[in-house]
Amino acid sequence: MNQFILQQGQSKELQLFPHITEFALKRNNSITLNSFNASLSDCIRFYYVIEGKFEWVIQQQQYVLFPSDLAIVLPGQMLGAEKGFLDIGTLFWLHIRIDPNDPRTNSFLGDWSQVSPGEMITMKKILVLNNMPVISKLKEAGSVFYNLQNEILKQELGFSTRVNQLLDELFILITRQLTRQNNSHRDFPQTFLKLEETLRKNLSHQWTVEEMAALVGLGTTAFNEKVKNFTGFSPLNYLINIRISEAIKLLKRPDVNVTSIALETGFYSSQHFSTTFKKLTGYTPSQFRKNNIPKTNDNGHKI
Amino acid sequence: MATKSDCIITIELGTNAVRVVAFDMKGNSIGSLKGSYPTFHTQPDYSEQDPEQIFITMLYVLKNLLTEQIYPNKNKVVCICFSAAMHSVLPIDKNGVPIGNAITWADNRGKKEGHELNNSPYGKTIYQATGTPIHPMSPLIKIAWLKNHDKEKFTQASKFLSIKSYIIQQLTGEYVIDYSLASATGLMNIHNMQWEPDALAYAGVSSNRLPALVPVFSSPGKLKKEYQTSLGLSSATKILVGSSDGCLATLGAGVWSDDKAVISIEDSGAVRVVGKEVLRDEKRRFFNYILTEDCYVSGGPTNNGGVIFEWFAKQFGDFSKPFDLEFSMESLINEANKVVPGSDGLIFLPYLLGERAPIWNANARGVFFGLNIKHEKQHFIRATIEGILYEIYSIGKILEEHRTIKNLSVHGSFASLPFCTQMIADIFNKPLTLRKNSDSIAYGAFLLSATEMGIYKNLDQAVKTVNLPDVYTPKKQHHSTYMKYFKIFERLSVRLSEEFEDIANLQ
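Residues numbered from 1 in each chain as written. Chains lettered and ligands numbered in written order. Predicted model: local features only at pLDDT ≥ 70, side-chain atom pairs only at ≥ 80, totals over all residues. Heavy atoms only, no water.

1. Considering the layout of surface pockets
Empty space among the atoms can be located by rolling a probe the size of a water molecule over them.
Reasoning step 1: Put simply, the second largest pocket is a space of about 600 Å³.
Reasoning step 2: Taken together, 18 residues make up the lining of the second largest pocket; nearest its centre are H115, N118, W360, N361 and A362 of chain B. (1 Å grid on protein atoms, 1.4 Å probe; cavity = no way out; pocket = protein on both sides within 12 Å on 5 of 7 lines; lining within 4 Å. Points joined across faces, edges and corners; volume = space filled by probe spheres on them.)

In structure tokens, the structure reads:
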């Protein structure tokens, strides 16, 4: 197995792939002090262990990586070895530049990817919400790395397409695995409670059924069916219930205006909020507020 | 006069979900819908629910049921009756706005308060007056906990409601609690239907910080105009305050004479009897709740019902294909069937969640006992189910110190699995009836409403309509096998108390 390190700007192999900032296979036979101190990542990094045992610290948490384990480090996260040097062993790594701009941008991966814009947003959400940077025993990731190595080094017909396909495959593989390991299918109520907490924390986001399903690691058909069985509601109706419950709490406080409540709880507009609210409760939001806040208001706010 | 198209709606504010069921005036179910809401455990021992989410979910489900199943058939709603899970507490401020989430029955934060009160001389007198065992589940203890540990919330609270009281207040504007639900708060005297002064003093509240006490048959007032409009109901629709889930399940299961007991096992479980007298138990192991002024529902609750088998299935069930939990539990039961009664001497104490009746030991833990080299996986499955049902039997056994029970009525998702139903009959050695239409709570609420409307003269007459098919008869030889192991089960449950405490302290 030959080692290699390809770096953007220096290795011609990467010319066609500006999004790959570094790709390497390293066999580390000796210990070099301070060879792997903690540093801030500016791109998304994947490490796949082939041999050896690596003791690392990712975002102040200690992890031990064994063969076939994969580590994911996101932009802005800290990574380093516990003792400051790279342990003895063999590993692949791959650094991909992702669009650091607007989190809602559709091109989070970049134009090279075939992943649809909607799915890209979901993948990003999964990566950002994930708090387990190490996936253990992900042999499939190993095959992707070997195939990448072959395509990039050999440059056979169609290699530029294949390389980007393999990168897509890696992202899909990883995000699917993350949702699987974070959501036990044995315990849908638990999984659903976790989803509910995520929804409540990001209530202003315009959630789609596809996104919610992906977050719990299910296809949309199975997700619809499970949610309906478990809650009695379709996913979107369940979400509307949460939105209105939160809105009611805010309406009972005199210090937030109705338009901000509408947007904060994820309605498109105060009109949309008002219609939905009235349909269910019989009150418009402002009528509801009038009925629940005493007329004399010490803050002097207009009610 | 009731007409053919009239219907009665029952709303059950349950532990995990609201269930709305519509009945015609003969008691046939003509429509039902449910909607679930989550329980939040922000800290160990905490168990809370969002009152606004419960309210909105209830409205949504009710509205959908009406527009999808009731109005298209030209049915007219004449009455809406409520039932609710017991023991919840919701503090509200002077404007009626909830201060944070509601604390549910499963919340254990008041462990220390419960322990202290139980060991004080007041423990006994308060228990005897209120009928509610001194336990963190009880609102008495929860309010005392707020007083001791969350001074700000306690002081800011102008009232402490139950979830049902809050929902009814939202709909009608009135702060009420029925005697039945109030009899599970640990704050109401079950002999004179007044708030109990000693209990109020312990909790640190006066009666004006609690909702008004009313009989289960009373109507708190009309639906607010806005809800009449949005739901398509008229001001003539009667709102009935109703009762608690436990009491109504007992009524709906047809248990109405003192020689019957009702066993309900869902996630948790209970064994209950009904009578005109409270059960006076020196060891304070029973609850005595009120259904109506001359009718007490007494019994003992367990934490460790179907939830324990679900736990087992999650850990050891087959999920290799995209199976869901129900399927996995079904195949486990098929395996358990291959083992003889008594699981060849493997005994399981199911106290994974600590236990209430009859041992009342929050530190109790699960145990597999008697394991030998010949035991296989299926023995564990059978032993788990047997252990859950031995625990139920141990409640029934102490009830028999007070009542002669001739037959049983069984309901609930776990108890009504045929394998479990037969095992209950065998362990108790009593014939039992199973209410197939599992919704005893809704049916109980229907009977209450129909009686209030004059369709039945009284509850005695109403309860005769409960249809009890499906008789399971006990198998004598199985009973004697089970009893051999039960003796050991019973001894272990008591003898291990020191070890339970030690291990609980380490966990």
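2. Topic: helix α2 (residues 139-154) of chain A
Residues and elements named next belong to chain A.
Reasoning step 1: For α2, spanning 16 residues, the distance from its first C-alpha to its last is 23 Å, which sits close to the expected 22 Å at 1.5 Å a residue.
Reasoning step 2: The complete set of buried residues in α2 reads A141, G142, V144, F145, L148, Q149, E151 and I152.
Reasoning step 3: Buried residues along α2 sit in contact with β1 (4-7), β2 (20-28), β4 (44-52), β7 (70-73), β9 (89-96) and α3 (159-182).
Reasoning step 4: Directly after α2, the chain includes Q155, whose backbone phi takes a positive value near 55°. (Helix = DSSP H or I, 4+ residues; strand = E, 2+ residues; numbered from the N terminus. Expected span 1.5 Å × (residues − 1). Buried < 20%, exposed > 50% of the residue type's maximum accessible area, 1.4 Å probe, protein only. Contact = heavy atoms within 4.5 Å.)

3. Some details on the sheet that holds β2 of chain A
All names here are of chain A.
Reasoning step 1: Strand order in the open sheet formed by 6 strands is β1-β2-β9-β4-β7-β10, with antiparallel pairing between adjacent strands. In the strand order of this sheet, the two ends are held by β1 and β10 (134-135), each with one partner.
Reasoning step 2: In this structure, β7 lies alongside β10, joined through 2 bridges in antiparallel fashion. Across the sheet, residue A71 finds its bridge partner in β10, namely V134. (Pairing = 2+ DSSP bridges.)

4. Details of the sheet that holds strand β1 (residues 6-13) of chain B
All names here are of chain B.
Reasoning step 1: Taken in spatial order, the 5 strands of this open sheet run β3-β2-β1-β5-β13, and their pairing is mixed. Sheet topology places β3 (29-36) and β13 (238-244) at the edges, where each strand pairs with a single neighbour. Along the sheet, successive strands turn relative to each other by an average axial angle of 20°, direction set aside.
Reasoning step 2: For β1 and strand β2 (residues 17-24), the ladder comprises 7 bridges, and the chain directions are antiparallel. Along β2, the bridge assignment pairs E12 with R19. (Axes fitted to C-alpha atoms, helices over the stretch in contact; angles between N-to-C directions.)

5. Here we look at the domain arrangement of chain B
Reasoning step 1: As far as domains go, chain B holds domain 1 (6-246) and domain 2 (306-397 + 486-506).
Reasoning step 2: Measuring from the centre of the C-alpha atoms in domain 1 of chain B to the corresponding centre in domain 2 of chain B gives 33 Å. (Domains from an automatic or database assignment.)

6. Things to note about the pattern of salt bridges
A pair can form between side chains of opposite charge whenever their charged atoms are brought close.
Reasoning step 1: Taken as a whole and judged by the stated rule, the model has 24 salt bridges over all chains.
Reasoning step 2: Close ionic contact of K238 of chain B with E452 of chain B constitutes a salt bridge, the shortest N to O distance being 3.8 Å. Taken as a pair, K238 of chain B in strand β13 and E452 of chain B in helix α15 (residues 440-452) lie far apart in primary sequence, 214 residues in all.
Reasoning step 3: Among the residues examined, K238 of chain B registers a relative accessible area of 31% and is labelled partly exposed.
Reasoning step 4: The exposure class assigned to E452 of chain B is partly exposed, which follows from its relative accessible area of 27%.
Reasoning step 5: One salt bridge in this structure joins R285 of chain B and E401 of chain B, with 3.3 Å as the shortest N-O distance. Taken together, the residues span a long stretch of sequence, with R285 of chain B in the loop between β15 (269-275) and β16 (287-292) and E401 of chain B in the loop between α13 (377-399) and β20 (407-411) at a distance of 116 residues.
Reasoning step 6: Here the salt bridges do not stand alone but share partners, grouping E196, R200, E246 and K249 of chain A together with D50 of chain B into one network. (Salt bridge = Lys/Arg side-chain N within 4 Å of Asp/Glu carboxyl O.)

7. Here we look at the packing of aromatic side chains
Reasoning step 1: Applying the stated rule across the entire model yields 44 aromatic pairs over all chains.
Reasoning step 2: Ring geometry for Y283 of chain A against F288 of chain A: centres 5.8 Å apart, planes inclined by 80°, an arrangement best described as edge-to-face. The same class applies to Y283 of chain A as to F288 of chain A, namely buried.
Reasoning step 3: Ring geometry for W311 of chain B against F312 of chain B: centres 6.4 Å apart, planes inclined by 65°, an arrangement best described as edge-to-face.
Reasoning step 4: F312 of chain B gets classed as buried once you look at its relative accessible area, which sits at 2%.
Reasoning step 5: In this structure, K147 of chain B is placed above the aromatic ring of Y202 of chain B, and the distance from its NZ or CZ to the ring centre is 5.7 Å. (Phe/Tyr/Trp six-rings, centres within 6.5 Å; stacked < 30°, edge-to-face > 60°. Lys NZ or Arg CZ within 6 Å of the ring centre and 35° of its normal.)

8. Some details on the interface of chain A and chain B
Reasoning step 1: On the chain B side, the residues contacting the 33 residues of chain A number 33 residues.
Reasoning step 2: Summed over the shared surface of chain A and chain B, the result is 3 salt bridges.
Reasoning step 3: One salt bridge in this structure joins D50 of chain B and K249 of chain A, with 2.9 Å as the shortest N-O distance.
Reasoning step 4: Where chain A touches chain B, the interface holds 13 residue pairs in polar contact (both at pLDDT 80 or more).
Reasoning step 5: Among the secondary structure elements, those contributing two or more residues to the side of chain A that touches chain B are α4 (188-201), α6 (220-231), α7 (235-251), α9 (270-281) and α10 (285-292) of chain A.
Reasoning step 6: The element best represented in the side of chain A that touches chain B is α7 of chain A, accounting for 10 residues. (Polar contact = N/O pair within 3.5 Å; in protein donor to acceptor, adjacent residues only side chain to side chain.)

9. Some details on the domain arrangement of chain A
Residue and element names in this part refer to chain A.
Reasoning step 1: In terms of domains, chain A is made up of domain 1 (4-182) and domain 2 (185-303).
Reasoning step 2: For domain 1 versus domain 2, the separation of C-alpha centres amounts to 37 Å.
Reasoning step 3: Of the residues lining the interface, 7 residues belong to domain 1; the matching set on domain 2 comes to 10 residues.
Reasoning step 4: On the domain 1 side of the interface with domain 2, the three residues burying the most area are T122, K125 and T179, jointly 53% of the side's total.
Reasoning step 5: At the surface where domain 1 touches domain 2, the tally comes to 0 salt bridges.
Reasoning step 6: For the pair domain 1 and domain 2, the number of links is 0 residue pairs in polar contact (both at pLDDT 80 or more).
Reasoning step 7: At the level of secondary structure, the elements contributing two or more residues to the side of domain 1 that touches domain 2 comprise α1 (117-129) and α3.
Reasoning step 8: Of the residues belonging to the side of domain 1 that touches domain 2, the class tally is 3 nonpolar, 3 polar and 1 charged. (Buried area = accessible area lost by both parts, 1.4 Å probe. Nonpolar A, V, L, I, M, F, W, Y, C, P; charged D, E, K, R; others polar.)

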